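Report on the structure
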Amino acid sequence: MTWRGSVSIPDRIFGTLVYCFAVYDTLFFGTFLLQQFPAFNFLVIPAVPVGITYGLVSALLGPLGRFGSFLVFILLFAAVVRNDKISHFIRYNAMQSILIGILLALGGIIMQYVLVPALGGGILIETLFNVLFLGGLAASYFSMIQSALGNYAEIPTISEAAYSQVRW
């Protein structure tokens, strides 16, 4: 990624915060792992503010459920990514967070409507859920750390797609 100068502290903070939505999208896939190993619940702290449980967040979303996450991403895309008045760094990170969420949503659709009906339950489905959970968390946390440092997070293919959406 081309270096565009130093990134201000507020840009780093907002560039990091947008990945909390991607971490929230991983919660669906973390049910098996988080139930078996409750000590890993600290991994989802950015998605669920301290002192609030996942059940309460789900209750706040009400009938929207996972569709509420989709609405947040549409709002981010329209209000942040396409707004030229916002710095390139924030728009890039918002778009990358959206793309991580889209990939997780596609993985969830494939799991729910193709693999689970074809294979039923079992260890293979749990393993795939855990892979999607840990992969989504790894991509989100890597991007958060890079944003906090003021660097553009480079995730193959996702970064290229994000950069192509926020070009001048």
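Residues numbered from 1 in each chain as written. Predicted model: local features only at pLDDT ≥ 70, side-chain atom pairs only at ≥ 80, totals over all residues. Heavy atoms only, no water.

- UniProt, in the comment section headed Subcellular location (unreviewed entry), describes the chain in these words: "Membrane". (UniProt positions renumbered as here; feature names shortened; annotations may be inferred.)

Focus on the UniProt feature "transmembrane region" (unreviewed entry) in the chain
- Taking the UniProt record as the reference, the feature "transmembrane region" (unreviewed entry) is found at residues 12–34, 63–81, 93–115 and 121–142.
- For the annotated span residues 12–34, helix accounts for 78% and strand for 0% of the residues, and the straight-line distance between the end C-alpha atoms is 30 Å.
- Secondary structure content for residues 121–142 is 91% helix and 0% strand, and the end C-alpha separation is 31 Å. (Helix = DSSP H or I, 4+ residues; strand = E, 2+ residues; numbered from the N terminus.)

Some details on the confidence of the model for the chain
- This prediction gives the chain a mean pLDDT of 84; 85% of its residues lie at or above 70.
- When the elements of the chain are averaged for pLDDT, helix α4 (residues 54–61) gives the smallest value, 53, and helix α7 (residues 123–149) the largest, 94. (pLDDT = per-residue confidence, 0-100.)

Quick word on the nonpolar core
- Core analysis: the biggest nonpolar cluster contains 40 residues, and L76, V81, Y92, M95, I98, I100 and F133 have the highest contact counts within it.
- Listed by contribution, the elements that provide at least two residues to this core are α2 (19–26), α3 (31–36), α5 (67–81), α6 (88–119), α7 and α8 (158–165).
- Broken down by element, this core gets its largest block of residues, 10 residues, from α6.
- In contact with F133, not counting residues within four places along its chain, are T26, F29, G30, L33, L34 and V44. (Core = buried A, V, L, I, M, F, W, Y, C linked by side-chain atoms within 4.5 Å. Buried < 20%, exposed > 50% of the residue type's maximum accessible area, 1.4 Å probe, protein only. Contact = heavy atoms within 4.5 Å.)

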